[in-house]
Structures are given as structure tokens and as C-alpha cells.
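# Structural features, examined
One-letter residues, chain by chain:
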Number of protein chains: 2
Amino acid sequence: MRYAVFGTGIVGRTIAAKLAALGHQVVVGTRDAEATLARTEPDSMGNPPFAQWHNGHPQVRLVSFAEGAGGAEVVINATSGTGSLDALTAAGADNLAGKVLIDVANPLDFSAGMPPTLNPVNTDSLGEQIQRAFPDTKVVKTLNTMNCQVMVDPSRVAGEHTVFVSGNDAEAKDQVTELLLSFDWSEAGVLDLGDITTARGTEMLLPVWLSLWGALGHADFNFHIASA
Amino acid sequence: MRYAVFGTGIVGRTIAAKLAALGHQVVVGTRDAEATLARTEPDSMGNPPFAQWHNGHPQVRLVSFAEGAGGAEVVINATSGTGSLDALTAAGADNLAGKVLIDVANPLDFSAGMPPTLNPVNTDSLGEQIQRAFPDTKVVKTLNTMNCQVMVDPSRVAGEHTVFVSGNDAEAKDQVTELLLSFDWSEAGVLDLGDITTARGTEMLLPVWLSLWGALGHADFNFHIASA
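In this report, we go over the structure that sits alongside the text. These figures come from a predicted structure and were not determined experimentally. (Residues numbered from 1 in each chain as written. Chains lettered and ligands numbered in written order. Predicted model: local features only at pLDDT ≥ 70, side-chain atom pairs only at ≥ 80, totals over all residues.)

### Some details on the sheet that holds strand E3 (residues 61-64) of chain A
All names here are of chain A. To keep it simple, the criterion reads: At least two bridges found by DSSP between two strands is the condition for calling them paired. Helix and strand assignments come from DSSP, with helices taken as H or I runs of at least 4 residues and strands as E runs of at least 2, each series counted from the N terminus. Comment: axis = line fitted to C-alpha atoms, over the contacting stretch for helices; angle = value between 0 and 180 degrees taken between N-to-C directions.
In spatial order, the strands read E3-E2-E1-E4-E5-E8-E9-E10; together these 8 strands make up an open sheet with mixed pairing. Every other strand in the sheet has two partners, leaving E3 and strand E10 (190-194) as the edge strands with one partner each. On average, adjacent strands in this sheet sit at an angle of 25° to one another, irrespective of strand direction. As paired strands, strand E4 (residues 74-77) and strand E5 (residues 100-103) are joined by 4 bridges and run parallel to one another. Within E5, the residue paired with Ile76 across the bridge is Ile102.

Encoded structure:
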């Protein structure tokens, strides 16, 4: 499968590396590939510059959002949530039409410092905003409720745990579920919450996730839905 | 121990019955005891009128918020979230001073229909509002992330699962943890998230809880935090 992963941060890199390791054709999409590759300083989160990661993954080309979306069968949005709509607009609705868009981003607003707040929240979600802005694209929200290392290697967390899936298109959710199984998620671990409005609830898990990160002192944890 | 449970809905009834069964002295607090007992119709959620429940639990007196708070060692807020501050104001800051207040309510706003939204949300929480309004009271937020049957009988959910605890006072949280253990929660199941600001995250679990209720078709489920 041909994937375009949008976002050059640690989430995008981690997913792109996993997809490449699984034998998929992968490009990473960014606003300005030349500028991204020219950076030599760590990013705001302290991650090494993209160029350093890229040296270790030369088979993953860095391209513009539009080129990435145009050539891909599936697009994964791993941009920062506050910039996601701009990134997808730059990709172009025509390049995204008819395709599955996997949205793993969260609309975290760090402008007032820590902890970040969510925007939108409560009556809307980033997943819904994207679906409204690109009605011909099949948006599936998933993987946004955990650390990116856990996304692609669920065995980092002991026992059963859950990855939520939200979206309006049943076939698109089936296709995303297949991808999750290839990341070694179990069938029982994939929980279809319903349509894209249920992304509201999964994005709103972020505040407790951040508290748990502080309380546990590490990010190798995840939500599990225990049931009768 | 002497408990006052505020709220005559299904959550208050369920907790009051459990406390009474454990041998505690329990009163239920309400705005107007006479009016509550006079009601003969089911409530807006379809639950039988309070008087019917009360006939089965005659040892639990129904009293005003102020009388309940004045006589109790520990107060449990199980009122509807949008009315909690009014109920606690009616109880009186003096009657609540120095006491542990267990807040199990969620600020769900049903005024625009289903699904409800949260108010406050994102930058504040009901738990924090109560703590700010009653600075001499030790507010502990807990049990608000699950169905009330699960609150008092965690064995309804299979396997390990989690009850979150948020509050500024360590001793108060220890005391609440003892109560949770008496409800048959395991030590490993009680997760101290930190101070009362972490109530924001647990209240924000409600939207995904509601989606899960729909997806699973029953309420005997709960969040478990799986970890490395």
C-alpha cells in the first residue's frame, strides 16, 4: 500500500518507520521539504532534527503535502492538531478525495503553557472538523489516545488494552482495523466507537492521559475498556 | 462513620444503600425532603420515586442539605453536576468546613439534548469549582467515571479496572481510598492522579463513556489503565 504520513515530528516519524518496516511505500509530507531538511536543531520537544532521522530511513521520501496526498492511497495525519486543517488544505481536497485519511492528531493548544487545553472540545472535535472540511474523504480517527511508541508496538503495555476507532465509513474502518492488526493490535483490542462524532470523546481523553503520564512517570500505558 | 449523601437520584440511592449495608450511619440530603417524599412519579431518567426506594431503606433518613452536612463526618456529592454548587451552598460552608467531601458528580449539561456537554470543561472542572468555593473542605473527586452499580460493586466488571482519585489533601485521599477498599476495590485499582486539577481529566472521560455505553450496549464496563 502507498501511504503518505503528514507531519515530521516524533509521531509521524514513528508511524512512517513502522509502515516502511512492514514493506509499504511511504512518503512523509511537510509544508516545505527543503526547509525541514535544512534544520539542524532539535525541535521544540527536544527531538533530533528530521534530517538525522531521515538519514536512517532514506527509503522514506520527504515531499510536500500535495505531492504526498496525490501519490498516496491512504493519508495519515500526524501533524500537530492546531495545524492539521492548514496542512490538509495545502494537500488539496482533490488529492484527498475518495481516500482514507487516518487522523491520529489531537487539537492540543499549548499557547497558554502546560497543561495544554483542547480546541475544539466538548461540542466538536478535530476529527469532525476534518470530515466536514473534506466531505469526499473517509476520515477515521484512531491511535490518538496513546504514546506513538505504543501505537506501533502495543506489546510495550502489559495485558489487554484498547485502540478506539471512529468514522462514518464502515469499509474505511475495516481497512484501518487491518492496518492496526498489522501493527500487532489484537482483534479484541480494536474498539469501534461509532461515527466520527465519537472522536470528541477520544480527543477528550488527552487531559487524563497527561495526568497519568505525570502520575505513572512514563508513557508506556494505555486505556483498556474492561467489561462484564 | 457518619455519612451524608447529597442527591436522591439513582447514584445517591446506590451509594447510600451500600454505606448502610456496610453498617455506617447514613442520611440522604436534598433541597426539600417533604417535597421529595411526596413525589409519586418516576424521575426524568425513569427511576422509581424516591419514596419507593426509601420504603426499602427506612434506616436512611432524608434530611435537608444543611442538616445532612451538619451531622456528617463525610459528605458525598451525588447531586446532578449543574446543581451541585447550589446544593453545597445550601448545605453551608460552616457545616462542610474541615470535612472530607467526596465529589462523584459530573457537570453534564443536558439542556441541548443528547449527548450532553460538559460545563465547565477543558480549563476548569466541577471538582475544582467546589474546592475553590469551599476552601476549608477537603474535596476528593472519585468514582465519577463509571456507572453507579460499578461504583459499589466493582466485580460487575471482569478483570482489573481503575478508580481515579483526585484531591489536594493526602490524608483525605487515604481516607477515601479506605472507603473504596470497603466497596471491594483492589489496592491496585485505586489510582491517585494528583491534585484536584486532575478532576478535569476524569470529568472529560464522560463523552467517551457515553459512546462506549452506546457501542457496548450496557453500562457494566470501566476504564482500566494498562501499563508496562
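### Topic: the relation of the copies chain B and chain A
We apply this condition: Least squares is used to superpose the copies, and the fit set is the C-alpha atoms of residues whose pLDDT is at least 70 in both copies. Throughout, a residue-residue contact means that the two C-beta atoms, derived from backbone geometry, are no farther apart than 7 Å.
Each copy superposes on the other: chain B lies on chain A with an RMSD of 0.0 Å after a rotation of 180° and an axial shift of 0.0 Å. Between the two chains, the operation in question is that of a two-fold axis. In terms of C-alpha distance to the rotation axis, chain B has His224 of chain B as its closest residue, with the C-alpha 2.4 Å off the axis. The residues that chain B uses at the interface reappear at the interface of chain A in 100% of cases, marking a shared surface.

### Digging into the environment of Trp213 of chain B
Mapped onto the elements of the fold, Trp213 of chain B is located in helix H11 (residues 206-216). Trp213 of chain B sits 36 residues away from Thr177 of chain B along the chain, and the two C-alpha atoms are 26 Å apart.

### Here's the deal with the packing of helix H5 (residues 84-91) of chain A against helix H7 (residues 126-133) of chain A
Residue and element names in this part refer to chain A. Formally: For this classification, under 35 degrees means roughly parallel, over 145 means roughly antiparallel, 65 to 115 means roughly perpendicular, and everything else is oblique. In this scheme the handedness of a crossing depends on how the near helix is turned from the far one: anticlockwise by less than a right angle means left-handed, clockwise means right-handed. Gly is placed with the polar residues, together with every amino acid not listed as nonpolar (Ala, Val, Leu, Ile, Met, Phe, Trp, Tyr, Cys and Pro) or charged (Asp, Glu, Lys and Arg).
Two numbers describe how H5 lies on H7: the axes approach to 10 Å, and their chain directions differ by 25°. What the angle tells us is that H5 and H7 run roughly parallel. Relative to H7, H5 is oriented so that their crossing is right-handed. Of H7, the residues touching H5 (which contributes Ser84, Leu85 and Leu88) are Leu126, Gln129, Ile130 and Ala133. For the contact of H5 with H7, the per-class residue count stands at 5 nonpolar, 2 polar and no charged.

### As for unusual backbone geometry
The phi angle of most residues is negative, glycine excepted, and most peptide bonds adopt the trans form. Residues and elements named next belong to chain B. With an omega of -10°, the peptide bond running from Met114 to Pro115 counts as cis. Among the secondary structure elements, Pro115 is positioned in the loop between strand E6 (108-109) and strand E7 (117-118). Residue Pro120 is bonded to the preceding Asn119 through a cis peptide linkage, with omega at 5°. With respect to the element layout, Pro120 can be found in the loop between E7 and helix H7 (126-133). A positive phi angle, near 65°, is found at Leu143, a position not held by glycine. When you line up the elements, Leu143 lands in the loop between strand E8 (138-142) and helix H8 (148-152).

### A few points about the sheet that holds strand E9 (residues 163-167) of chain B
Residue and element names in this part refer to chain B. Pairing within the open sheet is mixed, and its 8 strands lie in the order E3-E2-E1-E4-E5-E8-E9-E10. At either end of the open sheet lies a strand with only one pairing partner, and these are strand E3 (61-64) and strand E10 (190-194). Neighbour-to-neighbour, the strand axes of the sheet open up by a mean angle of 25°, direction not taken into account. As judged from the 4 bridges shared by strand E1 (residues 2-6) and strand E4 (residues 74-77), these two strands associate in the parallel manner. Considered in E4, the bridge of Tyr3 is made with Val74.

### Overview of the nonpolar core
Note the cut-off: Remark: nonpolar core denotes a set of buried Ala, Val, Leu, Ile, Met, Phe, Trp, Tyr and Cys residues whose joining runs through C-beta atoms within 7 Å. Put plainly, a residue is buried at 20 or more neighbouring C-beta atoms within 10 Å of its own, exposed at 12 or fewer, and partly exposed in between, counting only other residues' C-beta atoms, which are placed from the backbone.
With 130 residues, the main nonpolar core has Val5 and Ile76 of chain A together with Val5 and Ile76 of chain B as its most contacted residues. For Ile76 of chain B, the residues in contact, after removing those within four places along its chain, are Tyr3, Val5, Phe6, Ile15, Ile102 and Val104 of chain B.

### Some words on the interface of chain B and chain A
Facing 38 residues of chain B, the contacting portion of chain A comprises 38 residues. Where the side of chain B that touches chain A is concerned, the elements lending two or more residues are E7, E10, helix H10 (199-203), H11 and strand E11 (221-227) of chain B. Residue composition of the side of chain B that touches chain A, by class: 18 nonpolar, 15 polar and 5 charged. Both strand E11 (residues 221-227) of chain A and E11 of chain B contribute to a ladder of 7 bridges, which runs antiparallel. Note that in E11 of chain B the partner of Phe223 of chain A across the bridge is Ile225 of chain B.

This is a description of form; function is not addressed.
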